Amino acid sequence: MSPDPRKWRPQTVAAQAAGAQDQQTGGVVPPIHLATTFERGRDYALAANAESYRRDFNPTVRDAETVITALEGGQATLAFSSGMAAISAVMRAAGGPIALQTGTYYGTSVAGAFHAERGLKVVGFDPSDLTTLDDVLGQTRSALVHIETPSNPFLSVVDIEDAARRAHAAGALLSVDSTTATPAIQQPLSRGADLVIHSATKALSGHSDVMAGTVTARDTALPIWQTLTRMRAIEGAVLSPFDAFLLTRGMRTLHLRAAEMNRSALHIAHVLETHPSVTRVRYPGLPDHPAHQVAVSQMEGGFGSLLSFEVDGGAQAALQVCARLELIKRATSLGGVESLIEHRHSIEPAFTGVPEGLLRLSVGIEAVEDLVADLTAAL
Ligand SMILES: *Cc1c(COP(=O)(O)O)cnc(C)c1O
């Protein structure tokens, strides 16, 4: 009896890489396929399930895509060479104006501005008030609405169902950057989104040693999916097989890592909330988060491993706290097994509005007592 991964629960799909293994030897881990070209038969036909060239087809990349498709409950996934390659492809494939959430991951804001300089119409809306999205949809015939929830580094939470309803009523598609949540706790396609995007560089791969991006479709019959598929093949922003292998390997432990990281992040958020040197904590799991109820309804089993807090005393005080940390590393990125902290005000230009005293913390899988001790000593 051969197993049917479509009947498995998500943890099982992830742990067993959706059933992938080495067909030739029975090896329980599938090999890394590096070939760039595939031989044709004497009849000049390609092997079944193969294409002629790696830009169009790679079995190791397909293994990673299959797992993500199952975890997101979609119909298909395209893996790109980075999260930004995936997001840029979606923006350019939209085929019309884009309503773009303000205060997203800085790279996404930069990409929106970059493509706008080259003729794409990109209009911002405020994620804390979706009537501003209606205004944008009323003013421009948007082809795509793009949201990021929870957002990085503001931890804004957008009601995915509500955004999908508003987008669809105006004839637009909804894409959701779900990087900071992971499919372990949030599945945007089940709430009406058309595309879900990940920087798989982050928690999906989980070990700060892979760069990858993915787009998963609710419905592969959507014209945008055909465009995205052609765009990746034509432009070649494909994932390398080594990165795809590590991504699949990392996802085997996604649910374990996410559960531990999310639990520790909630604990740390509570500790920071009552600390006298901390003026504000942004975390969707805290009852005083402005969209806590939305987070409760659309995130299951946790609120993510990313949080931001503001230190009393502005940039200088925040940088001093960073400098005193012994365990938590001062580095960009998030979602890895090791905890990372970043002073975003030192990184982003002033117009993004990141408060000077804000520190973004990505909580890893270390003992939470060690993380709390490091933070409280530094504060
Ligand atoms: C890091 C990140 C990206 C960009 O992904 P890369 O893999 O670094 O290109 C996009 N969105 C979010 C929310 C991110 O955190």
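Refer to the structure printed above.
Residues numbered from 1 in each chain as written. Predicted model: local features only at pLDDT ≥ 70, side-chain atom pairs only at ≥ 80, totals over all residues. Heavy atoms only, no water.

(A) Seen up close, the overall build of the protein chain. Tallying secondary structure elements over the protein chain gives 12 helices and 12 strands in all. Here the C-alpha radius of gyration of the protein chain, 21 Å, is about what a compact globule of 379 residues would show, namely 21 Å. For the protein chain, the spread of C-alpha atoms along the principal axes amounts to about 75 × 50 × 35 Å. A sequence separation of at least 24 residues applies to 69% of the contacts in the protein chain between residues at least 6 apart. Surface exposure of the protein chain reaches about 16,700 Å², of which carbon and sulfur atoms provide 52%. (Helix = DSSP H or I, 4+ residues; strand = E, 2+ residues; numbered from the N terminus. Rg over C-alpha atoms; globule rule 2.2 N^0.38 Å. Contact = heavy atoms within 4.5 Å. Areas by Shrake-Rupley, 256 points an atom, 1.4 Å probe, with all protein chains shown as cover.)

(B) Up close: the pattern of salt bridges. Applying the stated criterion to the full structure yields 16 salt bridges. Across the pair Asp 4 and Arg 6 runs a salt bridge, and its minimum N-O distance is 3.1 Å. For Asp 4, a relative accessible area of 23% puts it in the partly exposed group. By relative accessible area, Arg 6 is classed as exposed at 76%. A salt bridge links Arg 166 to Asp 134; the shortest N-O distance between them is 2.5 Å. Separated by 32 residues along the polypeptide, Arg 166 in helix α6 (residues 160-169) and Asp 134 in helix α5 (residues 131-139) bring together distant segments of the chain. Given a relative accessible area of 22%, Arg 166 falls into the partly exposed group. The class of Asp 134 is partly exposed, set by a relative accessible area of 31%. (Salt bridge = Lys/Arg side-chain N within 4 Å of Asp/Glu carboxyl O. Buried < 20%, exposed > 50% of the residue type's maximum accessible area, 1.4 Å probe, protein only.)

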